[in-house]
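One-letter residues, chain by chain:
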Amino acid sequence: MRELRYREALREAMAEEMERDERVFIMGEEVGHYQGAYKVTEGLLARFGERRVIDTPIAEEGFAGIAIGAAMVGLRPIVEFMTWNFSAVAFDQILSNAAKLRQMSGGQFKVPIVFRGPNGAAKQTASQHSHAMETFYAQIPGVKVFMPATVADAKAMMKAAIRDDNPVLIFEDERLYGLKGEVPDGDVVAEFGVSQVRREGEDVTIATWGKMLWQCLDAAEQLAKGGPSCEVIDLRSLRPMDHETVVRSVRKTGRLVVVHETWPYGGPGAELVDRVQREAFDALDAPVLRCTGRDASMAYNKKLEDLTIPDAKTVLAAVRAVMSY
Amino acid sequence: MQDDRELLLGLYRQMVLIRRFEEASAKAYSQGKIGGFLHLYIGQEGCAVGALAALEAKDYVVTTYRDHAQALIRGTSARACMAELFGKVTGCSKGLGGSMHFFDADNHMLGGYGIVGGHVPIAAGAAFASKYRGDGGVAVCFFGEGSATIGAFSEALALAALWKLPIVFICENNEYSMGTPLSRSLSVADVSQKALAVGMERDAFSCGDVLAVRDRVAVAVKRAREQSLPTLIEARTYRYRGHSMSDPGKYRTPDEIEERKKSDPILNAETQLRAMGVSDAELEKINASVEAEVEDCVRFAEESAEPDESLIEAFNYA
Ligand SMILES: Cc1ncc(C[n+]2csc(CCOP(=O)(O)OP(=O)(O)O)c2C)c(N)n1
């Protein structure tokens, strides 16, 4: 075990995979000479050179498509979006090409590619820079979606993504880049579609992903003193999604709160609720509640921003509501 | 000559206001009173001030996240601008937009946009509306050279040329898109060359002389207004600060920055004004009035109220 920061864990995984496999390269805005807008790729240009650490102009649709084309014919690109907000410009490449090529070629082509970058609200970055984009991408058959919330997952998921033969999307978080955590030694590669119980509890299950895990653990900790005992589950992988771990937990607790940063309308949170109510209807003592970002575009003002996305306080309120049902 | 003197005095004041306003905002940012991203225009003032001097009130302006200057020039009060940076409800976007999203419908400032290049078609849309209505209005769109590699930019150019829209595209080429120098972002040295492929008129010049900028942009505005034809301009300029407040700007040498400061638009304007017979006392007076205006707007921003929670949802639909 070693302690690393989240951004270092991502970097270490990319570097190890680049050492392992000559076909792996990194492409994106400011990933090389600038050392990464958020310093995730720091030092990689010096280590691997300009052939494999490629600075692009601002042309997301262009370089995403170029990387997809290169992946079709045998390379294994890692594409960094400076933030996932800007992936919207490249959405068609991911939706209509990366996700579809295997299927529409009748299995002749595969697209082993990683798209990654920070996702969600940062700090007062306002309306156009605060999207939690996983909600769109998790709906697309043909891609896989990882949401690393811990440092160990950052490393293990990056390795899994690079080695997988499908397009894998990793949604990182600017507010997690500085997080410190333990990383196991050796070549640990994450499995797709495995949720993890991060805190055991008896009375209510909280299921979440990404940065919100920490708000949920905070709320569970606060409730430990006298309140209901919360079991906190980190979904980790939104596609494929392991709802069975949640169902097992709900069979024990009888109650479920789903917490996510993104908008309430549809998306992976609603998908999870749908699966759980079908498979654990008999075990539920209350309707499943969701604690989500507000159904609105993000305000710049700090107070309004804080009120727009869930925090420990709103998670607590949702837990109390589901308990008092 | 008298006309030029009065005009230049006005443009000089605008440039000084932008600079002092942004210096005050940088200070407030470092004190934690402003959050998010803050992109400063310092060094580039000659571009927007010169260009917008060629416009009429009915014309439209669209720009990037580096938008403080355009709003101030169009007539948004320093108070409304500073209050926006402070996230206050008295701000030009009610504290909802912040630094990157200054809007002022009354002054036809159609906004600052955060997605590189995404606003270029929006500007063409405003030009389309003017042509549709036949009101003689012109749209001016500012963007960095970083936009020139974005699809929305190419598509907007193609359509503006095809449909003969009354628009002036102004590429503010400040030599860097974030940390990337021109040599690593563009395959051509001059962004105005992009006009050739769509058969559009073009021009290229630098922004050290604000009156010259006004004159060159006026030619393109006239072409738009009278012939309904678009123009692509590359306006060479330079930003003295980092890309945003969080960028230390290590990719440039202090020597390079000092060299570029020699063609500072404000210093140039002072030299020209003196040559026109403007006294030090007159310049002093302008500077003092700008300083008072900036102090006032900071005080106003500090004292203003925050937006109410109800504003989270209030404007998501009309
Ligand atoms: C589509 C998109 N990609 C990336 C970004 C992140 N980003 C914001 S500004 C910027 C650099 C833009 O440089 P330039 O166009 O030259 O304008 P300048 O900031 O120099 O005025 C980048 C990469 C973005 N906002 N939008």
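Each remark here, short or long, concerns the structure printed above.
> Please explain helix α4 (residues 91–98) of chain A as it appears in this structure.
Note on helix geometry: an α-helix contains 3.6 residues per turn, so any two residues three or four positions apart are oriented the same way. Looking only at α4 of chain A, the buried set comprises Q93, I94 and A98 of chain A. Axial view of α4 of chain A: buried residues confined to an arc of 95°, hence all on one face.

> Sorry, what's going on with the interface of chain B and chain A here?
It is common to give the size of an interface as the accessible area lost on bringing the parts into contact. Facing 38 residues of chain B, the contacting portion of chain A comprises 32 residues. Summing both partners gives a buried area of about 2,800 Å² for chain B against chain A, and 58% of it is carried by carbon and sulfur. The three residues of chain B that bury the most area against chain A are I115, R184 and I312 of chain B, which together make up 21% of that side's buried surface. The interface formed by chain B and chain A includes three salt bridges. Put simply, chain B and chain A have 17 residue pairs in polar contact (both at pLDDT 80 or more) between them. Sort the elements by how many residues they give to the side of chain B that touches chain A and helix α11 (residues 311–314) of chain B lands first, with three residues.

> Mind showing me how you'd approach the site of the ligand here?
Inspection of the region around the ligand gives 21 residues, with E60 of chain A together with Y65, R66, G114 and N174 of chain B positioned closest. More than a single chain frames the ligand: its nearby residues are located in chains A and B. Separating an oxygen atom of the ligand from a side-chain N or O atom of R66 of chain B is a distance of 2.7 Å. For the ligand, a nitrogen atom lies 2.8 Å from a polar atom in the backbone of G114 of chain B. Look at the ligand: alone it shows 580 Å² of surface, and the protein chains cover 97% of it. A class-by-class count of the residues in the shell around the ligand yields nine nonpolar, eight polar and four charged.

> Would you mind going over helix α9 (residues 244–253) of chain A with me for this structure?
Residues and elements named next belong to chain A. Residues T245, V246, V247, S249, V250 and T253 constitute the buried set of α9. Against β9 (196–199), β10 (204–208), β11 (230–234), β13 (256–260) and α10 (267–279) lie the buried residues of α9. Looking one or two residues past α9, G254 carries a phi angle of roughly 80°, positive in sign.

> I keep staring at the packing of aromatic side chains and nothing clicks. Help me out?
Ring pairs (aromatic) are described by centroid distance and by the angle formed between their planes. Summed over all chains, the structure comprises 18 aromatic pairs over all chains. With a centroid separation of 6.4 Å and 80° between ring planes, the pair formed by Y176 of chain B and Y238 of chain B is classed as edge-to-face. A residue pair is termed long-range when its members are at least 10 positions apart, and Y176 of chain B in strand β5 (residues 176–177) and Y238 of chain B in the loop between β8 (231–236) and α8 (254–261) qualify at 62 residues. The buried category is assigned to Y176 of chain B, whose relative accessible area is 9%. One aromatic cluster is present, built from ring pairs that chain together F63, F81, W84, F91, F115, Y137 and F171 of chain A. Note that R252 of chain B overlies the ring of Y176 of chain B, its terminal NZ or CZ placed 5.7 Å from the centroid. Just above the ring of Y240 of chain B sits the side chain of K261 of chain B; from NZ or CZ to the centre is 5.3 Å.

What counts, and at which threshold
- Residues numbered from 1 in each chain as written.
- Chains lettered and ligands numbered in written order.
- Predicted model: local features only at pLDDT ≥ 70, side-chain atom pairs only at ≥ 80, totals over all residues.
- Heavy atoms only, no water.
- Buried < 20%, exposed > 50% of the residue type's maximum accessible area, 1.4 Å probe, protein only.
- Helix = DSSP H or I, 4+ residues; strand = E, 2+ residues; numbered from the N terminus.
- Arc of directions from axis to C-beta.
- Contact = heavy atoms within 4.5 Å.
- Buried area = accessible area lost by both parts, 1.4 Å probe.
- Salt bridge = Lys/Arg side-chain N within 4 Å of Asp/Glu carboxyl O.
- Polar contact = N/O pair within 3.5 Å; in protein donor to acceptor, adjacent residues only side chain to side chain.
- Near = heavy atom within 4 Å.
- Areas by Shrake-Rupley, 256 points an atom, 1.4 Å probe, with all protein chains shown as cover.
- Nonpolar A, V, L, I, M, F, W, Y, C, P; charged D, E, K, R; others polar.
- Phe/Tyr/Trp six-rings, centres within 6.5 Å; stacked < 30°, edge-to-face > 60°.
- Lys NZ or Arg CZ within 6 Å of the ring centre and 35° of its normal.

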